[in-house]
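Okay, here's what each chain looks like letter by letter:
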Amino acid sequence: MGEHIDKTVKALVERFDASIEEFRGEVSVFLQPDQIVAACTLLRDEFDFEMLEDETAVDYWPEETPRFHVIYHLYSYKHNERIRLRVPLNGNNPSLPTIEGVYPNANWYEREVYDMFGINYEGHSDLRRILMPHDWEGHPLRKDYPLGHEEIMFTFNFDEINARKRYAKE
Amino acid sequence: MPEINTHIDESMLDGITRLVTEDAIEGKTMLLNMGPQHPSTHGVLRLLLELDGEFVVNVIPDIGFLHTGVEKHMEYKTFEKAVVMTDRLDYLNNIGNNLVYCLAVEKLVDLDVPPRAQAIRVILTELQRISSHLVWLGTHALDLAAMSVFLYCFREREMILDIMEMCSGQRMMTSYFRPGGLWRDVPIEFEDAVRQFLRIFPARIDEYEALLTKNPLFLERTQHVGVLKAEDAIRWGVTGPSLRASGVAHDLRKVRPYSGYEQYDFDIPTHTDGDTYARYLVRMEEMRQSLRIVQQALDKLPYGPTRSNNRKFVPPPRSELGHSMEAVIHHFKLFTEGFPAPKGAVYVAVESPRGELGVYLEGDGGPKPYRIHWRTPSFANLQVLKLLAKGHLVADLVALIGTIDIVLGDIDR
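Just so it is clear, the structure is predicted and the values come from calculations on it, not from any experiment.

Draft legend 1. Local environment of the overall build of chain B. Helix and strand content of chain B: 17 helices and eight strands. Taken over the C-alpha trace, chain B has a radius of gyration of 23 Å; the compact-globule value for 413 residues is 22 Å, and the two agree within 12%. For chain B, the proportion of its 413 residues judged to be buried stands at 48%. Considering only contacts in chain B between residues 6 or more positions apart, those separated by 24 or more positions represent 67%.

Here it is as structure tokens:
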């Protein structure tokens, strides 16, 4: 860990009572959902983390508390440092505040997380599906969502499978 | 008479009135659909344009037509088998995708890569960067009605694809890099083929530049079109040549070197104008710098193994299987259940031809990625199109889609 990142992590721990974890030289800071906007603002304004590199989520189903982690990667051009924030969320329909006001490019990342995991962002300007079709049911990257497959059709079961396949028929 | 369904679904793009201005609802501005089947959208990108006459007021991109669920699929494959999925993301930069994935796995399981494998990785990644820039240049010029550049670019790209085929057996879907090294060593003809390319290509770049750089029609279409300021680029997470053309000298190969990039001497081309022409100049210079890197890496290409010797992660060579029981066991274990990764998460990013290509990889102690997320440069860069296009003509929008160099496989994953 670099000097700047040490200082940043220390400030986050002090101000937000955050816990940290280190793995392979990368540091993760654990925050509560209601702290994320304040933390991002602090990091952007005082610690020069100018860019939101990435925002994604992980599903720990069947665990419920927490079921999801939302993960932010912030990057500082000035210090060439990267920091990871993790926000644990409980329950099956979690929500947390959007950070669109701090980093405008969070817009699409949050739409993707909503689309893939069903995590709601409070105050998001345009929260709708981004990659899946607008009428899709379920959230594909959840661990309780099956991978799915195409059934192989043979002569003897062609009609049976064709009847239950979902596509536009005459 | 059949009943006509006039119901507009609020969740559909066309039903969302809040995304357009009041003028569009009153009918003062026009809504125009562009794509997904449109030659200048470089794939299946759909744009909903709000136009005032021929000027763009707002652009609403609609993506996801090429979504194949790569991230979900990779969760169901072992680390070694998931390499083939990576080729299918950014199909103009397959080698770069292989590289970032392998780097992430290597970091997660703490695996070393021999120097020869690293040097070959650098050579192929840089060749792939040139080939990707050639496709960009060809299609970008084609969008601006310069047909011949396209043909020249694809002629040279063919030479690179031949080198890829020579190494991996595939022109595009290479899957050549594996966690711990390479699939196998490069063939004996490799060095000659790359040297041949290095001899020919510098003159060919001059040829493209002769066609475009001072061409008044090209200048007219690109200068002062789509100006991106440095602070906007950083705020919107734009990376790669688009960021460097706005004056920020940031290249992950320099600031956070990987695969031994620190050994090579190269410059980061930048420009301060931030317009379409600046992005063109930056990419052209990047091709020259890539040639420099390839030249240096080839000149001091070390001898030695191309795969890690750690048998817990990398299969043993074929020759050992005949006489070593241990090798057979390792081979069997690796190809049936794969190798386990510790519980933990890593994020690795490399400089792809389009910008920062990152992988967030999480292991849970098992042989499959628990979660893998691709931070793709096209996805991040496309968001800024709205900003670039405002106030320009529809014809310029075509140039702007070309200049941010998107690959739809990279956006939709």
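Draft legend 2. The arrangement of the overall build of chain A in detail. Scanning chain A for helices and strands turns up four helices and seven strands. Starting at the N terminus and ending at the C terminus, chain A contains elements arranged as α-β-β-α-β-β-β-β-α-β-α. Its C-alpha radius of gyration of 20 Å places chain A more than 25% over the 15 Å reference for a compact globule of 170 residues. Expressed as lengths along the three principal axes of its C-alpha atoms, the size of chain A is roughly 70 × 30 × 30 Å.

Draft legend 3. Fine view of the nonpolar core. Among the nonpolar cores identified, the biggest contains 140 residues, and Val70 of chain A together with Val100, Ala104, Ile123, Val359 and Leu361 of chain B are the most heavily contacted of them. Broken down by element, this core gets its largest block of residues, 13 residues, from helix H5 (residues 115–143) of chain B. Counting residues domain by domain, this core receives three or more from each of domain 1 (13–62) and domain 2 (70–412) of chain B. The contacts of Ala104 of chain B, once residues within four sequence positions are left out, are Val346, Val348, Val359 and Leu361 of chain B. Of all hydrophobic cores here, the second largest spans five residues; its members include Ala245, Tyr277, Ala278 and Tyr280 of chain B.

Draft legend 4. Region of interest: unusual backbone geometry. With an omega of 5 degrees, the peptide bond running from Trp61 of chain A to Pro62 of chain A counts as cis. Tracing the sequence through the fold places Pro62 of chain A in the loop between strand S3 (51–59) and strand S4 (68–76). Each neighbour pair has its own omega, and for Thr65 of chain A with Pro66 of chain A the value is -5 degrees, a cis peptide bond. Structurally, the position occupied by Pro66 of chain A is in the loop between S3 and S4. Residue Arg24 of chain A is not a glycine yet carries a positive backbone phi of 55 degrees. The residue Asp110 of chain B is not glycine, and still its phi comes out positive at about 60 degrees. Considering the arrangement of structural elements, one finds Asp110 of chain B in the loop between helix H4 (94–109) and H5. Overall, the presence of 11 C-beta atoms within 10 Å leaves Asp110 of chain B in the exposed class.

Draft legend 5. Structural view of the environment of Pro367 of chain B. Residues and elements named next belong to chain B. Looking at the secondary structure, you find Pro367 in the loop between strand S7 (355–363) and strand S8 (371–375). Residues Pro367 and Phe79, spaced 288 residues apart in sequence, show a C-alpha to C-alpha distance of 6.6 Å. Apart from the residues lying within four places of it in its own chain, the contact partners of Pro367 are Thr78, Phe79, Glu337, Gly338, Phe339 and Pro340.

Draft legend 6. Seen up close, the domain arrangement of chain B. All names here are of chain B. Assigned domains within chain B: domain 1 (13–62) and domain 2 (70–412). In terms of residue count, the dominant contributor to the side of domain 1 that touches domain 2 is strand S3 (residues 55–62) (five residues). Here the residues of the side of domain 1 that touches domain 2 sort into eight nonpolar, five polar and one charged.

Draft legend 7. Structural detail: the interface of chain B and chain A. Of the residues lining the interface, 34 residues belong to chain B; the matching set on chain A comes to 29 residues. The residue makeup of the side of chain B that touches chain A, split by class, is 14 nonpolar, 10 polar and 10 charged.

Draft legend 8. Summary view of the environment of Gly2 of chain A. Within the element layout of this structure, Gly2 of chain A appears in the segment before helix H1 (3–16). Sequence-wise, Gly2 of chain A and Asn80 of chain A are 78 residues apart; in three dimensions their C-alpha atoms are separated by 9.5 Å.

Draft legend 9. Main features of the confidence of the model for chain B. Across chain B, pLDDT averages 88, with 96% of residues at or above 70. For this predicted complex, the interface confidence score (ipTM) comes to 0.88, while the overall pTM stands at 0.90.

Draft legend 10. Examining the sheet that holds strand S6 (residues 344–352) of chain B more closely. Residues and elements named next belong to chain B. Pairing is antiparallel across the open sheet formed by three strands, whose spatial order is S6-S7-S8. Each end of this open sheet is capped by a strand with a single partner; those strands are S6 and S8. Shown here is a sheet whose adjacent strand axes are inclined to one another by a mean of 15 degrees, direction ignored. Alignment of S7 against S8, held across five bridges, turns out to be antiparallel. Along S8, the bridge assignment pairs Gly358 with Arg375.

Draft legend 11. Region of the structure containing the packing of helix H7 (residues 190–212) of chain B against helix H12 (residues 276–299) of chain B. Residue and element names in this part refer to chain B. Interaxial distance between H7 and H12 falls to 11 Å at its minimum, and their mutual angle equals 160 degrees. Taken as axis vectors, H7 and H12 run roughly antiparallel relative to one another. Like other packed secondary-structure pairs, H7 and H12 cross with a definite hand, here left-handed. Across the interface between the two elements, Glu191, Val194, Leu198, Phe201, Pro202, Ile205 and Glu209 of H7 pack against Met284, Met287, Arg288, Leu291, Val294, Gln295 and Leu298 of H12. Split by residue class, the contact of H7 with H12 holds 10 nonpolar, one polar and three charged.

Draft legend 12. Spotlight on the pairing of strand S1 (residues 19–23) of chain A. Residue and element names in this part refer to chain A. With five bridges connecting them, S1 and strand S2 (residues 26–30) associate as antiparallel partners. Bridge pairing links Ser19 to Phe30 in S2. Connecting the antiparallel pair S1 and S2 is a turn made up of two residues, with Arg24 showing a positive phi of about 55 degrees.

Conventions adopted
- Residues numbered from 1 in each chain as written.
- Chains lettered and ligands numbered in written order.
- Predicted model: local features only at pLDDT ≥ 70, side-chain atom pairs only at ≥ 80, totals over all residues.
- Helix = DSSP H or I, 4+ residues; strand = E, 2+ residues; numbered from the N terminus.
- Rg over C-alpha atoms; globule rule 2.2 N^0.38 Å.
- Buried ≥ 20, exposed ≤ 12 C-beta atoms within 10 Å, placed from the backbone.
- Contact = placed C-beta atoms within 7 Å.
- Core = buried A, V, L, I, M, F, W, Y, C linked by C-beta atoms within 7 Å.
- Domains from an automatic or database assignment.
- Nonpolar A, V, L, I, M, F, W, Y, C, P; charged D, E, K, R; others polar.
- pLDDT = per-residue confidence, 0-100.
- Pairing = 2+ DSSP bridges.
- Axes fitted to C-alpha atoms, helices over the stretch in contact; angles between N-to-C directions.
- Parallel < 35°, antiparallel > 145°, perpendicular 65-115°, else oblique.
- Left-handed = near helix turned anticlockwise from the far one by under 90°.

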